[in-house]
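The lines below spell out each chain.
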Amino acid sequence: GQQVMQIPQYQHVQEGEDFTTYCNSSTTLSNIQWYKQRPGGHPVFLIQLVKSGEVKKQKRLTFQFGEAKKNSSLHITATQTTDVGTYFCAGLKTGTASKLTFGTGTRLQVTL
Amino acid sequence: DGGITQSPKYLFRKEGQNVTLSCEQNLNHDAMYWYRQDPGQGLRLIYYSQIVNDFQKGDIAEGYSVSREKKESFPLTVTSAQKNPTAFYLCASRIGDGNTEAFFGQGTRLTVV
């Protein structure tokens, strides 16, 4: 079945450093979504990418969707303590309208 | 307020007992999902439903059962056949068609002793 892996599993950075998490799917995706889960909370939608090679920015966050629509990345510039949490990618396999599969997640810890 | 409600937040059960987790949404979403979250394993899909009276197995359906008798409700039963039921369970919903975001409930932390 479809598998969505993320690396790294965990990263600890000092405030001000950059951070990147990578998402790789075993199958072609019709879209990629990114979610953030704060400690003790539930995942909250951040953004969606649909087009091959698409790049979107939200303030210090940059999201990319690969040309083959099988991988994606989230880059945070100059991390802040408010960025702490687990970041998940999620995708719909091409041809399936409803089966939303999540990645394994990357837990980010930011210290002063 | 519109949203997804999961209850209870914490649940304790003895081994060998079935337990049902509640999920209700008033967002008028067609699609609903159950995910299981374990440390280091992300969110794994248990069951999902695209419309009322229809549902499909996800990646880890063994030991679980669901029903979708009403659009707003998608309860999950963790049966005694589930070998390792202690986990954090998240319910989600989406409009269902195409590229739409998922909205999550607050989750239920189930502990089986």
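Structure: see above.
As the structure is a computational prediction, the values presented were derived from the model and not from experiment.

Chain B puts 24 residues into the contact, and the matching count from chain A is 21 residues. Summing both sides of the interface, chain B and chain A together bury roughly 1800 Å²; the carbon and sulfur share of this comes to 51%. Here chain B and chain A share one salt bridge between them. Across the pair Lys 99 of chain A and Asp 59 of chain B runs a salt bridge, and its minimum N-O distance is 3.1 Å. Every element with two or more residues in the side of chain B that touches chain A is listed here: strand E4 (31-37), strand E5 (43-51) and strand E9 (87-94) of chain B. Counted by class, the side of chain B that touches chain A contains ten nonpolar, eleven polar and three charged residues.

So, on to the state of the cysteines. One pass over the structure, following the stated rule, counts two disulfides over all chains. Between the sulfur atoms of Cys 23 of chain A and its disulfide partner Cys 89 of chain A the distance amounts to 2.0 Å. On the S-S bond that ties Cys 23 of chain A to Cys 89 of chain A, the torsion sits near 80°, and the link is right-handed. Of this pair, Cys 23 of chain A sits in strand E3 (residues 19-25) while Cys 89 of chain A sits in strand E9 (residues 85-93), and the two are 66 residues apart along the sequence. This pair shows no difference in class: Cys 23 of chain A is buried, exactly as Cys 89 of chain A is. Through a disulfide, Cys 23 of chain B is tied to Cys 91 of chain B; the S-S separation comes to 1.9 Å. What sets the handedness of the Cys 23 of chain B and Cys 91 of chain B disulfide is the S-S torsion sign, and at about -75° it is left-handed.

So, about the side chain of Gln 25 of chain B. Residue and element names in this part refer to chain B. Assignment of secondary structure puts Gln 25 in strand E3 (residues 19-25). In terms of polar contacts, Gln 25 uses its side chain to reach the backbone amide nitrogen of Asn 28, at 3.2 Å. At 3.1 Å, the side chain of Gln 25 and the backbone oxygen of Lys 71 are in polar contact. Not counting the four nearest positions on each side in its chain, Gln 25 is found in contact with Gly 3, Ile 4, Met 32, Arg 68, Lys 71, Glu 72 and Ser 93.

Residues and elements named next belong to chain A. Here strand E1 (residues 4-7) shows a clear split, with Val 4 and Gln 6 buried on one side and none of Met 5 and Ile 7 buried on the other. The pairing of E1 with E3 spans four bridges and is classified as antiparallel. From the neighbouring strand, Gln 6 faces E3, where its bridge partner is Cys 23.

Cut-offs applied
Residues numbered from 1 in each chain as written. Chains lettered and ligands numbered in written order. Predicted model: local features only at pLDDT ≥ 70, side-chain atom pairs only at ≥ 80, totals over all residues. Heavy atoms only, no water. Contact = heavy atoms within 4.5 Å. Buried area = accessible area lost by both parts, 1.4 Å probe. Salt bridge = Lys/Arg side-chain N within 4 Å of Asp/Glu carboxyl O. Helix = DSSP H or I, 4+ residues; strand = E, 2+ residues; numbered from the N terminus. Nonpolar A, V, L, I, M, F, W, Y, C, P; charged D, E, K, R; others polar. Disulfide = S-S within 2.5 Å. Buried < 20%, exposed > 50% of the residue type's maximum accessible area, 1.4 Å probe, protein only. Polar contact = N/O pair within 3.5 Å; in protein donor to acceptor, adjacent residues only side chain to side chain. Pairing = 2+ DSSP bridges.

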